[in-house]
Amino acid sequence: MAKESTTIEVGEPSTVTKSTSHVVVDEKKKKGFVAATAGGGYKRGLAIFDFLLRLAAIVTTITASSVMYTAEETLPFFTQFLQFQAGYDDFATFQFFVIAIAMVASYLVLSLPFSIVTIIRPLAAAPRLILLISDTVVVTLATSAAAAAAAIVYLAHNGNPNTNWLPICQQFGDFCQAVSSAVVASSIAVVFFIILIVISAIALKKH
Amino acid sequence: MKSGQAEIAETSKGIQKRGLMSRRIAIFEFILRIIAFFNTISSAILMATTNETLPFFTQFIRFHADYNDLPALTFFVVANAVVSGYLILTLPLAFVHIVKNKTENSRILLIILDVAMVGLLASGAASAAAIVYLAHNGNNNTNWFAVCQQFNSFCERISGSLIGSFIAVVLLILLIILSAIAISRRH
């Protein structure tokens with residue numbers, strides 16, 4: 001009997017407040033709403049942090065690529081045997097570095113809309129999953145470009161006595177400095193990327 | 001009430017179906033981890049056991065080539081050894097993921113560690129690849145001459161050991177993606 005009266009009262013507008021079942025329905029709605037914003041709250045915070053990190057990574061990668069591209073030095077003397085000009089296109093690895101980091105920067109710019117979507121809809125899993133998958137692929141590209149350039153820069157600083165490779169930094173000081181700072185900037189971008197992937201993974205968790 | 005019971009029965013069937021899919025994902029991850037372990041350990045061993053001594057010598061140039069002579073190759077061996085040790089140590093965790101149902105927190109930990117390992121392995125493989133490219137082709141502008149013209153079998157072996165490492169990088173990326181898909185599934 002009590003149950004039947006409960007079903008009748010649920011059909012009425014919400015001005016009826018006396019029945020207990022209606023209060024239960026109200027509480028459930030409230031709990032559901034609070035749970036949505038609570039889950040959405042911290043996920044939205046993570047998405048905003050993700051967006052800001054992406055902006056920082058864009059700045060870092062564009063810096064790295066352009067510094068490497070414009071690193072050039074010409075020594076004021078010449079002989080018949082040795083070239084005294086150094087540019088990024090003298091090294092195949094640095095050419096790869098410039099192109100790969102430029103691709104990473106354009107990917108980051110293209111992924112900004114996805115990041116904005118995750119801010120607007122923090123509970124949706126699909127944009128985050130897409131971001132995580134493409135971030136993982138691009139972080140490998142960025143890491144390999146940074147590491148290959150770092151190997152060549154290490155060789156330019158220290159040389160290798162076993163293979164008779166002379167360190168060229170003793171002659172091309174400015175070129176070496178510019179190239180080393182480009183490698184450091186791209187390594188910072190890789191660290192940002194790793195944090196981005198971890199944020200996406202944490203935010204994918206469903207309650 | 002009856003409709004409620006039918007709903008409960010349907011959701012439990014749905015949960016069973018989803019549980020089967022996650023179990024398949026977890027088994028696939030376990031297999032991928034084993035394959036990646038074999039790839040990294042074979043790369044490390046192949047690079048560490050290459051050496052070549054040419055049968056002649058002069059005062060000026062050494063005619064012995066080893067992985068110790070090039071720091072990038074040493075880093076490659078160390079990185080591959082570390083990643084293969086990591087993969088072996090996380091095999092029990094991957095096995096637990098097959099058996100258990102609620103695995104989200106440990107999967108997040110696994111993703112974080114996997115991303116760190118991908119970074120380490122990719123940087124080791126890339127720096128070794130840069131040095132191997134230089135050994136094959138040399139560089140005219142800096143007077144770095146191509147070492148491979150003298151050390152043929154050494155060059156072949158170090159080029160071959162890079163392949164296993166690159167395959168392991170791809171497998172680790174797949175593992176990260178699978179873990180992410182498993183976390184985002186609704187069960």
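Remember, it's a predicted structure, so these values are computed and weren't measured experimentally. (Residues numbered from 1 in each chain as written. Chains lettered and ligands numbered in written order. Predicted model: local features only at pLDDT ≥ 70, side-chain atom pairs only at ≥ 80, totals over all residues. Heavy atoms only, no water.)

Caption draft 1: Expanded view of the interface of chain B and chain A. Each partner contributes residues to the interface: chain B has 39 residues there, and chain A has 37 residues. When chain B packs against chain A, the two sides together hide about 3500 Å² of surface, and 74% of this comes from carbon and sulfur. The tally of links from chain B across to chain A stands at zero salt bridges. Applying the counting criterion to the chain B and chain A interface returns five residue pairs in polar contact (both at pLDDT 80 or more). If you list the elements that add at least two residues to the side of chain B that touches chain A, you get α4 (104-137) and α5 (152-184) of chain B. Broken down by element, the residue count for the side of chain B that touches chain A peaks at 17 residues, all from α4(B). (Contact = heavy atoms within 4.5 Å. Buried area = accessible area lost by both parts, 1.4 Å probe. Salt bridge = Lys/Arg side-chain N within 4 Å of Asp/Glu carboxyl O. Polar contact = N/O pair within 3.5 Å; in protein donor to acceptor, adjacent residues only side chain to side chain. Helix = DSSP H or I, 4+ residues; strand = E, 2+ residues; numbered from the N terminus.)

Caption draft 2: Local environment of the packing of aromatic side chains. Summed over the entire model, instances satisfying the criterion amount to nine aromatic pairs over all chains. Plain terms: the ring middles of A:F91 and A:F175 are 6.1 Å apart, the flat faces sit at 15° to each other, and that makes the pair stacked. One end of the pair, A:F91, is in the loop between β2 (85-87) and α3 (92-120); the other, A:F175, is in helix α5 (residues 173-203), with 84 residues separating them in the sequence. Three or more aromatic residues joined by ring pairs make a cluster, and in this case those are A:F91, A:F94, A:W165, A:F175 and B:W144. (Phe/Tyr/Trp six-rings, centres within 6.5 Å; stacked < 30°, edge-to-face > 60°.)

Caption draft 3: Summary view of the nonpolar core. One finds A:M68, A:F94, A:F97, A:W165, A:F175, B:L73 and B:W144 to be the most contacted residues of the largest nonpolar core, which totals 59 residues. At the level of secondary structure, the elements contributing two or more residues to this core comprise α2 (20-69), α3, α4 (126-158) and α5 of chain A together with α2 (71-89), α4 and α5 of chain B. Top contributing element to this core by residue count: α4(A), with nine residues. Setting aside chain neighbours within four positions, we find A:F175 in contact with A:A71, A:E72, A:E73, A:A86, A:G87, A:Y88, A:F91 and A:F94. (Core = buried A, V, L, I, M, F, W, Y, C linked by side-chain atoms within 4.5 Å. Buried < 20%, exposed > 50% of the residue type's maximum accessible area, 1.4 Å probe, protein only.)

Caption draft 4: Up close: the UniProt feature "transmembrane region" (unreviewed entry) in chain A. All names here are of chain A. UniProt marks residues 51-71, 91-117, 129-156 and 182-204 with the feature "transmembrane region" (unreviewed entry), using the numbering shown here. Secondary structure within residues 129-156 divides into 100% helix and 0% strand; the distance between the first and last C-alpha atoms comes to 41 Å. The annotated region residues 182-204 carries 96% helix and 0% strand content, and the separation between its end C-alpha atoms amounts to 33 Å. (UniProt positions renumbered as here; feature names shortened; annotations may be inferred.)

Caption draft 5: Up close: the environment of A:S134. Residues and elements named next belong to chain A. By secondary structure assignment, the location of S134 is in helix α4. Taking the C-alpha atoms as reference, S134 lies 9.6 Å from I197; in sequence the two are 63 residues apart. Looking at S134, its side chain comes within polar contact range of the main-chain oxygen of I130, at 2.7 Å. Of note is the side chain of S134, whose polar atom sits 3.4 Å from the backbone oxygen of L131.

Caption draft 6: Highlighting the packing of α4(B) against α5(B). Residues and elements named next belong to chain B. Across the interface, α4 lies against α5 with an axial gap of 9 Å and an inter-helix angle of 155°. Here α4 lies roughly antiparallel to α5, going by the angle between them. In the crossing of α4 with α5, the sense of the turn from one axis to the other is left-handed. Taken together, the residues that form the contact of α4 with α5 break down as 25 nonpolar, four polar and three charged. (Axes fitted to C-alpha atoms, helices over the stretch in contact; angles between N-to-C directions. Parallel < 35°, antiparallel > 145°, perpendicular 65-115°, else oblique. Left-handed = near helix turned anticlockwise from the far one by under 90°. Nonpolar A, V, L, I, M, F, W, Y, C, P; charged D, E, K, R; others polar.)

Caption draft 7: How the structure looks around the confidence of the model for chain A. Averaged over every residue, the pLDDT of chain A is 82; the share at 70 or more is 77%. Per-element mean pLDDT across chain A ranges from 51 in helix α1 (residues 2-10) of chain A up to 94 in α3(A). (pLDDT = per-residue confidence, 0-100.)

Caption draft 8: How the structure looks around empty space enclosed by the protein. Applying the stated criterion across every chain yields a total of four cavities of 30 Å³ or more. Space inside the second largest cavity adds up to approximately 90 Å³. As for the second largest cavity, its lining consists of A:N162, A:T163, A:W165, B:H64, B:A65, B:D66, B:D69, B:L70, B:A135, B:V147, B:F151 and B:F154. Looking at the lining of the second largest cavity element by element, the count peaks at three residues for strand β2 (residues 64-66) of chain B. When grouped by side-chain class, the residues that make up the lining of the second largest cavity number seven nonpolar, three polar and two charged. (1 Å grid on protein atoms, 1.4 Å probe; cavity = no way out; pocket = protein on both sides within 12 Å on 5 of 7 lines; lining within 4 Å. Points joined across faces, edges and corners; volume = space filled by probe spheres on them.)

Caption draft 9: Representation of the state of the cysteines within the structure. Per the counting criterion, the structure on display carries two disulfides over all chains. The residue that forms a disulfide with A:C169 is A:C176, at a sulfur-sulfur distance of 1.5 Å. Between A:C169 and A:C176 the sulfur-sulfur dihedral comes to about -80°; the bridge is accordingly left-handed. Disulfide partner of B:C148: B:C155, at an S-S distance of 1.5 Å. Residues B:C148 and B:C155 share a disulfide whose torsion about the S-S bond is about -85°; that sign makes it left-handed. The class for B:C148 is buried, based on a relative accessible area of 7%. (Disulfide = S-S within 2.5 Å.)

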